Amino acid sequence: YRDLHTFELQAPTRLIEWTRGNRVCVAGYGQSDGNEILQLIPPPTLLTKETQGLCPERDFKVECGGFSERPVYSLKYVPDTSLLVTSGPPDSSLHVWQVSAEDSDVIKSVSTIATENGTGQSWAKIATISARAPWVLHGSRLDRVQITEVESRKNVYTAASRGSEELSSLAFLDCNTLLLCCATGRLCLADTRQPQSLVEAVSVPSVPCSEQWCMGTRHGAQGLEPSSQLVARLSSKGLLTLTDLRKTSEFLALAKARVPSPASVAEFLCVSWAPALEGYLAISGFDGTVHVYDTQNWDSSGREAEPVFIHKGHAFDGGGGSGDPPLVTVHTWHLQKPRTLLSAASDGSLHVWDWVQPCGKC
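I will try to describe carefully the structure that is included in this document. For every chain, the first residue of its written sequence is number 1, and the numbers climb from 1 along that sequence. Local features in this predicted model are restricted to residues whose pLDDT is 70 or higher, and side-chain atom pairs enter the listing and the counts only when it is 80 or higher, whereas totals over whole chains, interfaces and linings include all residues. Note: side-chain values were computed over all heavy atoms of the structure, leaving out hydrogens and water.

Put simply, DSSP H or I for four residues or longer makes a helix, DSSP E for two residues or longer makes a strand, and each gets a number counted from the N terminus. A tally of regular secondary structure across the chain gives 1 helix and 28 strands. Within the span of the chain, comprising 362 residues, buried residues form 55% of the whole. Taking contacts inside the chain between residues at least 6 apart in sequence as the whole, the part at least 24 apart equals 51%. For the accessible areas, the method is Shrake-Rupley and the probe is 1.4 Å, while residue cover comes only from the protein chains on display. Element-wise, carbon and sulfur atoms account for 47% of the exposed surface of the chain, whose accessible area totals about 16,200 Å². The cut-offs for exposure are 20% and 50% of the maximum accessible area for each residue type, with area from a 1.4 Å probe on protein chains only; residues under the lower value are buried, those over the upper are exposed, and the others partly exposed. Any two residues having at least one pair of non-hydrogen atoms within 4.5 Å are treated as being in contact.

To continue, consider the pairing of strand β23 (residues 280-284). Most of β23 is tucked away: 5 of the 5 residues are buried. With burial as the criterion, each face of β23 is covered, one bearing Y280, A282 and S284 and the other bearing L281 and I283. In this description, strands pair whenever DSSP reports at least two bridges between them. Where strand β22 (residues 270-273) and β23 come together, 4 bridges link them in antiparallel fashion. By the bridge assignment, C270 is partnered in β23 with S284. Between the end of β22 and the start of β23, which pair antiparallel, lie 6 residues, with G279 showing a positive phi angle near 80 degrees. As paired elements, β23 and strand β24 (residues 290-294) share 5 bridges and run antiparallel to each other. By the bridge assignment, L281 is partnered in β24 with Y293.

Further remarks concern the sheet that holds strand β26 (residues 328-333). The 4 strands are arranged β1-β28-β27-β26 in an open sheet whose pairing can be described as antiparallel. Only two strands of the sheet have a single partner each, and these edge strands are β1 (3-8) and β26. The sheet shows a mean angle of 15 degrees between the axes of neighbouring strands, direction not considered. In terms of strand pairing, strand β27 (residues 340-345) meets strand β28 (residues 349-354) through 5 bridges, oriented antiparallel. When the sheet's bridge partners are listed, S343 is paired in β28 with H351. For helices, the fitted axis covers only the stretch in contact; all axes are lines through C-alpha atoms, and the angles between them, taken along N-to-C directions, range from 0 to 180 degrees.

All right, on to the sheet that holds strand β3 (residues 23-28) then. If you trace the 4 strands from one edge of the open sheet to the other, you get β2-β3-β4-β5, paired in antiparallel fashion. With partners counted over all chains shown, the strands left at the sheet margins are β2 (13-19) and β5 (61-68), one partner each. Each adjacent strand pair in this sheet contributes to an overall mean axis angle of 20 degrees, direction not counted. Relative to β5, strand β4 (residues 35-41) runs antiparallel, the two sharing 7 bridges. Paired with L38 across the two strands is G65, which belongs to β5.

Another aspect to go through is the nonpolar core. Generally speaking, a soluble globular protein has its nonpolar side chains buried in company with each other. What we call a nonpolar core is a set of buried Ala, Val, Leu, Ile, Met, Phe, Trp, Tyr and Cys residues that are connected through their side-chain atoms within 4.5 Å. Core analysis: the biggest nonpolar cluster contains 20 residues, and L234, V271, L281, I283 and W298 have the highest contact counts within it. Every element with two or more residues in this core is listed here: β19 (230-235), β20 (239-244), β21 (253-256), β22 and β23. Considering each element in turn, this core owes the most residues, 3 residues, to β19. I129, A159, C182 and A190 belong to the second largest nonpolar core, which has 18 residues in total.

Have a look at this one:
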């Protein structure tokens, strides 16, 4: 490691979201009332682009917080605002939160976005954008995807689909183009200017139906057309596929991650592209580790890939008194520091780590 910071949360968290001013939001997913939503100030070394030397202050600090009466399974910051959107069981409704101004330390609930036929549906997957107005893309199934204006709660788009597959991930490619990933691994492209049809469908390799999939899109690929972006998909058995959206009929690459066993909780699967390091991605959700891979030499053979780094810090932390080994529930990359990641685990541990690039690969 070049650097490692740890912070102990009061409850397990499955969310890490960057907000304004390089703040970090986390939220609890317990089944009881009073799940915390916290905005943290990172250690000073994470607030600058350049790596600094020794710093006397190495901890996160709680800047403000609030409580959700339901588990928070997804949390997204609405860019260029002070708003957060969350979702979680028992239905597909969304909750909008206001991160308070500097003179207050409260994150307060300001509105609820109810969804048609939301009762009985699984919790909604969400994505946000502020290109035209603060929008949230949300849905639990392929035939229930819509865009809602966050502040007015007005519906501005509804996707038309005959399929009702469960969704695992959603993403804005730009203000007009949406990417949807089903739990079966199928990718669908949608265009807000053509609400009556899903434009493309991309399948996955022939695998058992029991496998669950999630996706990761390259965050903030500035200057790229939406159709030129790479998409990574990860299955619950560790299969990784890379797809170029310009050539959806074929796989750009196919590899097998070195995971100990299939993921026991598919909802914790996470795959993400490094925003400031070309060709690198990270995966988690199988055990107490996070694997980092360099995909630049991958091909379509499906061979086992060698990780360039494995973060094992959560596994060494123990089970938080429960006796069970911790499971990494989520990870995310620092937006400017190329090799810095944040990860959280089921024992309430939050880690920030920066690995040293091996010699010869600088």
